[in-house]
Amino acid sequence: MICTVDATHDPNLRSWVESANQAGSDFPIQNLPFGVFRRQHQVDPPRIGVAIGDQILDLAACSQLGLLQELPDSVQMACTASNLNPLMALGRMASSALRHHLSQFLSAAQPPPATDDILVPMTMAELLLPATIGDYTDFYASIFHATNVGKLFRPDQPLLPNYKYVPIAYHGRASSIVSSGTPIHRPIGQRKAPNETVPTLAPCQMLDYELEVGCFVGKGNTLGEAISIEQAEEHVFGLCLVNDWSARDIQAWEYQPLGPFLAKSFATSISPWIITLEALAPFRGQAFSRSADDPQPLPYLNSATNQQQGGINLRLEVWLTSAQMRQQNLPPVRLSSSSFQQMYWTVAQMLTHHTSNGCNLRPGDLIASGTVSGELAGTEGCLLESTQRGSKPLTLPTGETRAFLLAGDEVTLRGYCEQAEYTRIGLGECRGIVS
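This is a predicted model, so every value here is computed, not measured.

Draft legend 1. Main features of the overall build of the chain. Per the secondary structure count, the chain includes 10 helices and 25 strands. Seen through its C-alpha atoms, the chain measures out along the principal axes to roughly 70 × 55 × 40 Å. Taken across its 435 residues, the chain has 55% of its residues classed as buried. In the chain, once contacts between residues fewer than 6 apart in sequence are set aside, the share between residues at least 24 apart is 74%. Accessible surface, the chain: about 18,500 Å² in total, of which carbon and sulfur atoms supply 53%.

Structure representation (structure tokens):
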């Protein structure tokens, strides 16, 4: 079931947290994403928070002060946990009720609370992984990315025959998922150049980023029980940004016949805030429109509602600063801008296919979309595409060139939804610097 627009999306809503009312803020009162934080220089357990302007609303503190008493006991208890898994497990009804309550509480129509202990400036907080991630699956849902990469390796057959029938994915490494801002160490692995007779073990020379959107699973399903396309979004807690760092030279040698392994498992960065499907309701629309020559999805992946409302008008960007740019106080340069609405497979289709064999998803599991790329130049979601496997390097404002990432390069992913008649909301940032 698709979320609907309601009073929490009213563009006239204002908050008593003044920074949430500033134009261009990622976190106005119409957003209210969930995350996990710890106050800087503190050893206290992590706490659940909600981003509002440049502040974090501490839900554990709210609960202790009796500010969540109108909510069910199970929701109040979940708000005092050290991660979002208990709240995720309660299902979308619970997180929706909490969001509505917080919208009213934070509204400028209500008097601010007598205490400021419930707000923590983001600059004074350490943002952590929002959930304990038991499993991580990375899809390959952009037909433009799949086609662009396919042309590099199979010019005569860029797309394999199954692509338009089945959402392709691989099982990633959950233990190496890191929060935004964590340094990225260049991996070492086996690689073999075309002119070499044997491989060598050496540092990666073709380090790349991948611009992706992550989907956190809310309520799970029982082993052996598939989730229908009509019910798929009931099992989605919300979305975040994902950078699935990739060692392209290691990947090229190891991926046959079983796919990605060490080229992907060294690090995956995610943004700290999870934007709920409820917050995204005003920005829903048509899913990708397949050409007349394309096959229709098989019945278990096909739904009129999903086709009409399964798309998300989410703008995604990649920004880069080199060490030399920072030394010269130059601003980041934008490498790409694309739309999540151009994905060949929707979030609901990915989740439905994932469980079609009876696979049990659990609260806090992460599903990533795969690289988000568009059809036009400037919409490529990775350097493998934009530099044509390094043959056409990019030029930075300093005159430096980049075929792939070098030490000191910082990659920042950004995402936001912007549409007439509604308030802009953002996903924040996902950052990582190569060491």
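Draft legend 2. Looking closely at the pairing of strand β6 (residues 136-139). Residue alternation in β6 divides its side chains into two sets, Y136 and D138 and T137 and F139, and both sets are buried. Bridge analysis of β6 against strand β7 (residues 169-171) gives 3 bridges, and the strand direction is antiparallel. Residue T137 lies in a different strand from β7, and its bridge partner there is H171.

Draft legend 3. Structural context of the nonpolar core. In this structure, F340 and L405 are the most contacted members of the largest nonpolar core, which totals 75 residues. Counting residues per element, the ones that place at least two in this core are α5 (143-153), β12 (211-217), β13 (236-243), β19 (315-321), α9 (347-355), α10 (383-386), β24 (410-417) and β25 (425-433). Sequence-distant contacts of L405, defined by excluding residues within four places in its chain, comprise R186, L207, D208, Y209, W245, L320, L383, V411 and V434. Ranked by size, the runner-up nonpolar core spans 46 residues in total, among them A78, L87, F105 and I177.

Draft legend 4. Seen up close, the environment of A7. Here A7 is to be found in the segment before β1 (34-39). Owing to a relative accessible area of 60%, A7 belongs among the exposed residues under this scheme. Between the C-alpha atoms of A7 and Q30, which are 23 residues apart in sequence, the distance is 9.3 Å.

Draft legend 5. Representation of the sheet that holds strand β3 (residues 55-58) in the model. With respect to topology, 5 strands assemble into an open sheet ordered β4-β3-β2-β1-β5, the strand pairing being antiparallel. The two strands at the open ends of the sheet, each matched to only one other strand, are β4 (119-121) and β5 (125-128). Across the sheet, the mean angle from the axis of one strand to that of its neighbour is 45°, orientation sign disregarded. Both β3 and β4 contribute to a ladder of 3 bridges, which runs antiparallel. Bridge pairing in β4 places Q55 opposite P121.

Draft legend 6. Representation of the sheet that holds strand β20 (residues 333-339) in the model. Read across the open sheet, the 4 strands follow the order β20-β19-β24-β25; overall the sheet is antiparallel. The outermost strands of the open sheet, each flanked by one partner alone, are β20 and β25. Pairwise comparison of adjacent strand axes, ignoring direction, gives a mean angle of 15° for this sheet. Relative to β25, β24 is paired through 8 bridges, and the arrangement is antiparallel. Opposite V411, over in β25, you have G432 as the bridge partner.

Draft legend 7. Main features of the pattern of salt bridges. For the structure shown, the criterion picks out 19 salt bridges. Put simply, D294 and K164 hold a salt bridge, and the shortest N to O gap is 2.6 Å. With a gap of 130 residues between them, D294 in the loop between β17 (284-285) and α7 (304-309) and K164 in the loop between α5 and β7 connect regions that are remote in the sequence. With relative accessibility at 11%, the residue D294 sits in the buried group. The closest approach of N and O atoms between D249 and R191, which form a salt bridge, is 3.8 Å. Note that D249 is positioned in helix α6 (residues 248-254) and R191 in strand β9 (residues 188-191), a separation of 58 residues in sequence. Here R191 falls in the partly exposed class, since its relative accessible area comes to 22%. Taken together, the shared-partner salt bridges connect D208, E210, D244, R248 and K264 into one network.

The rules behind these values
- Residues numbered from 1 in each chain as written.
- Predicted model: local features only at pLDDT ≥ 70, side-chain atom pairs only at ≥ 80, totals over all residues.
- Heavy atoms only, no water.
- Helix = DSSP H or I, 4+ residues; strand = E, 2+ residues; numbered from the N terminus.
- Buried < 20%, exposed > 50% of the residue type's maximum accessible area, 1.4 Å probe, protein only.
- Contact = heavy atoms within 4.5 Å.
- Areas by Shrake-Rupley, 256 points an atom, 1.4 Å probe, with all protein chains shown as cover.
- Pairing = 2+ DSSP bridges.
- Core = buried A, V, L, I, M, F, W, Y, C linked by side-chain atoms within 4.5 Å.
- Axes fitted to C-alpha atoms, helices over the stretch in contact; angles between N-to-C directions.
- Salt bridge = Lys/Arg side-chain N within 4 Å of Asp/Glu carboxyl O.

These results come straight from atomic positions and should not be treated as a statement about function.
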